[in-house]
Amino acid sequence: MSARRPGSSINGKDTGIDPATSTGTAFSGTLAPELDGGSKVELAPEMGPYQIAWRRLRRNRVALGFGLLFILIVVLCLLAPVYASDVAHTTPYANHVTDTVQVGGKTVDVVSLTGLPVGPTWHGRFFLGADANGRDVAVRLLYGGRNSLEIGGVATLITIVLGLLAGIVAGYFRGFADGLISRLLEVIWAYPVIVFGAAVGVIINVGGLDLGFVKLNGGTLLVPAIIIGIVYIPYVARPVRGKVLSVRGLDFVDAARQQGLGHMRIMAGEILPNVTTLAIVMIPLQLAQSILLEAALSFLGAGVQSPNPSWGTMIGDGTRLIPGAIHLTLVPGTMLVLCVLGINIFGDGVRDALDPRAKLRIER
Amino acid sequence: MARFVIRRIGSAILVMFATSVLTFLIFQAIPSGDPAFRLAGKYSTPAQVDSIRKEWGFDKPVYVQYVKTMEKIFDGSVISYTQQLNVDQTVIHDLPATLSVTIGGAVIWLLFGVLFGVLSAIRAGRYLDRALTVLAFIGVSMPAFFLGAIALYYLGYKAKLFPLGDYVPLTRDPGAWFSHLLLPWITLAVLYIGIYSRILRSSVLDTLGEDYVRTARAKGISERRVLVRHALRNSMIPLISLWGLDFASLLGGGTILIEEVFNINGVGKYVGDSIGRLDVPPILVVTVFAAFAVVALSAVVDILYAALDPRIRLSS
């Protein structure tokens, strides 16, 4: 991952490979199996901290299982076009209101005369039922998943990169830069996440955004991705800044400075490797939060815009047809929960493996 | 202490000012297009847009626009042009519902968060702990609007255990107020129970390893007393401060999803409905108030925190 200098013992400590404390501590999550047999291997001097972490993670069956669940969902969503064209023979936008479909040997209207869509048929067409516009729910679920995951991924990327940048610069330079960045983060942090996201989402979706150098049109997937990415920056930048503050005074930073290295070199070569563990731990956490926030914003109508599907918009449309067609809520909701649960439990395993003593927990 | 309080209040006022500027920039200054047109809503006439432009000062320089906008928000003369209703009055009218949802939910999640967290900690690594951990993960992975919708359908509509949403004011019928709010409270609490129980679990385990706990045990104090008086007391301090912040952010419209799902006419639903109508003035006003509420309450929490724990005020 990062170029670790031999002999800088602090790096080793940072990633928590102090064997006395890393096995069976209070903080190793209860989902992780006890690592009794592993302590001998962990002492092997030629192993890097990431190798050790990977070994620990590999033994955590529960975390790996849920990680696999998440990957399965991602693969399914990536295969959406294949499913749509070869199995369901439709598109996420195609309207089948006037069509009929076979359910258990009987021919049924896709959308009944009273406006209620058909439930799951459990075969090729309308596998998971139809929505009020006669669209195939299974197809929309997969395409919607692509959108949700895409937004979550881009948002996480934005959060992690900008959060790292802000945290490192603030912690490294302290003084004026720190004051400015910290105050700015405090301002973003002051808004309830959902209110801020919804407000900005609506404004951009109404009028678009034009800052001269960036132009955003309302209704694109990039809008919720950027909003979510920005909203969560303080949650990453704050702990990073704290970590940088504790690292910057250490001997190896002084040594680098005395070698005449510039600020950029020190930040990239000495400071950054010391916060990568923190950043890696935060990636799954942020991904889960971003996907949840996207769903919430889309549910409210401030995220992904119709007719584009996303899990959030599908739930939002679905709740309007409760109690008549509960499957419209259940299907995307279950998928969303499974996906987020997979990320969260896998992420917890990663945290356990990398940093068993970390104080970072499942917070927003 | 006095110095700490003054400094903390001063910085809170600065942050409030900054949030007001940022909100103004997001709503009025940065987006392309005519802000007057945006405020007016979908069904506006050119004459209306013109009068809004004058009223909010959009024909003047930016700083005048800012001052006018804040003036209007705080003297309570903002009007939702789509609905022809005074926004500040609507917010005040809707506040009791949001307060009811938040307070009940906050009490439930604190109680159960602490209970589950402590149970998890004293049973760390055992079966109960594992079960509670799984539950906590499901809790934090469950979007409130999905859980609420499903609970309303299965427990309310199918099993008829709960009324189907809506809000009854406490003053009109306390019994109905309670029964209508019970499901929203639980739904709201689930997420936070997950978070709080995990935080408390680690922090109790942390304090149980402290020297003073060992001393207490060595004195022969009962395990229960050690847990409650020594370990829990110290672990609760960060939790309570977090509780204050979460409470503030929910009060400032964070209950939006719960209120939408359960059809509770609170501030959150007002914002949610305004988003649906693309009605900008209410969103603007609530965004400003929400940020103010969070900043003010976090200052209060910090001051209480410092009063409880001298290390805080001495270190800053």
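Calculation rules
Residues numbered from 1 in each chain as written. Chains lettered and ligands numbered in written order. Predicted model: local features only at pLDDT ≥ 70, side-chain atom pairs only at ≥ 80, totals over all residues. Helix = DSSP H or I, 4+ residues; strand = E, 2+ residues; numbered from the N terminus. Buried ≥ 20, exposed ≤ 12 C-beta atoms within 10 Å, placed from the backbone. Contact = placed C-beta atoms within 7 Å. Core = buried A, V, L, I, M, F, W, Y, C linked by C-beta atoms within 7 Å. Nonpolar A, V, L, I, M, F, W, Y, C, P; charged D, E, K, R; others polar. Expected span 1.5 Å × (residues − 1). Bend = angle between axes of the 7 residues up to and from the residue. Pairing = 2+ DSSP bridges. pLDDT = per-residue confidence, 0-100. Axes fitted to C-alpha atoms, helices over the stretch in contact; angles between N-to-C directions. Parallel < 35°, antiparallel > 145°, perpendicular 65-115°, else oblique.

Describing the overall build of chain A
Phase 1: Helix and strand counts for chain A stand at 15 helices and four strands.
Phase 2: Within chain A, the proportion of its 364 residues that are buried is 52%.
Phase 3: The long-range fraction of contacts in chain A, counting pairs at least 24 apart against all pairs at least 6 apart in sequence, stands at 69%.

A look at the nonpolar core
Phase 1: The biggest cluster of nonpolar side chains holds 188 residues, and the ones touching the most others in it are A:Val195, A:Ala198 and A:Ala296.
Phase 2: Per-element accounting of this core gives the leading share, 18 residues, to helix α13 (residues 263–300) of chain A.
Phase 3: Those residues within four positions of A:Val195 in sequence are excluded, and the remaining contacts are B:Gly252, B:Gly253, B:Gly254, B:Ile256, B:Val271, B:Val286, B:Thr287 and B:Ala290.

A few points about the interface of chain A and chain B
Phase 1: At the interface, 51 residues of chain A touch 55 residues of chain B.
Phase 2: Only α8 (175–190), α9 (193–207), β3 (209–210), α13, α14 (311–319) and α15 (327–354) of chain A provide two or more residues apiece to the side of chain A that touches chain B.
Phase 3: Of all the elements, α9(A) adds the most residues to the side of chain A that touches chain B, at 11 residues.
Phase 4: For the side of chain A that touches chain B, the per-class residue count stands at 37 nonpolar, nine polar and five charged.

As for helix α10 (residues 223–254) of chain B
Phase 1: If you check α10(B), its first and last C-alpha atoms are just 39 Å apart, much less than what 32 residues at 1.5 Å a residue would give, namely 46 Å.
Phase 2: For α10(B), the principal kink sits at B:Leu232 and spans about 45 degrees.

Considering the pairing of strand β1 (residues 100–103) of chain A
All names here are of chain A.
Phase 1: Note that β1 and strand β2 (residues 106–109) share four bridges and pair antiparallel. Note that in β2 the partner of valine 101 across the bridge is valine 108.
Phase 2: Where β1 hands over to β2, the hairpin turn is made up of two residues, of which glycine 104 adopts a positive phi near 55 degrees.

Digging into unusual backbone geometry
Phase 1: The step from A:Ser306 to A:Pro307 runs through a cis peptide bond, and the omega angle for that step is 5 degrees.
Phase 2: Along the chain, the position of A:Pro307 falls in the loop between α13 and α14.
Phase 3: Following A:Ile322, the chain continues to A:Pro323 via a peptide bond in cis, the omega torsion being 5 degrees.
Phase 4: One non-glycine residue with positive phi stands out, namely A:Phe126, at about 55 degrees.
Phase 5: Summarising the element assignment, A:Phe126 is placed in the loop between β2 and α7 (137–173).
Phase 6: Of note in the backbone geometry, B:Gln84 takes a positive phi value of approximately 60 degrees without being a glycine.

Focus: the confidence of the model for chain A
All names here are of chain A.
Phase 1: Scored by pLDDT, chain A has a mean of 81; 82% of the residues are at 70 or more.
Phase 2: Across residues 1–41, where pLDDT falls below 50, the model places 79 contacts with residues more than four positions away in sequence or in other chains.
Phase 3: Of the regions scoring below 50 in pLDDT, residues 358–364 engages in 17 contacts with residues more than four places distant in sequence or in other chains.

Quick look at the environment of A:Leu278
Residue and element names in this part refer to chain A.
Phase 1: Mapped onto the elements of the fold, leucine 278 is located in helix α13.
Phase 2: Distance in space between the C-alpha atoms of leucine 278 and valine 236 is 9.0 Å, their sequence separation being 42 residues.
Phase 3: Residues within four places of leucine 278 in sequence aside, it is in contact with Pro239, Val240 and Lys243.

Overview of the packing of helix α6 (residues 80–88) of chain A against α7(A)
Residue and element names in this part refer to chain A.
Phase 1: In the contact formed by α6 and α7, the axes pass within 9 Å of each other and the chain directions differ by 170 degrees. Taken together, the axes of α6 and α7 lie roughly antiparallel to each other. Residues Ala80, Tyr83, Ala84 and Ala88 of α6 pack against Ala138, Val139, Leu142, Tyr143 and Arg146 of α7.
Phase 2: Among the residues forming the contact of α6 with α7, the class breakdown is eight nonpolar, no polar and one charged.

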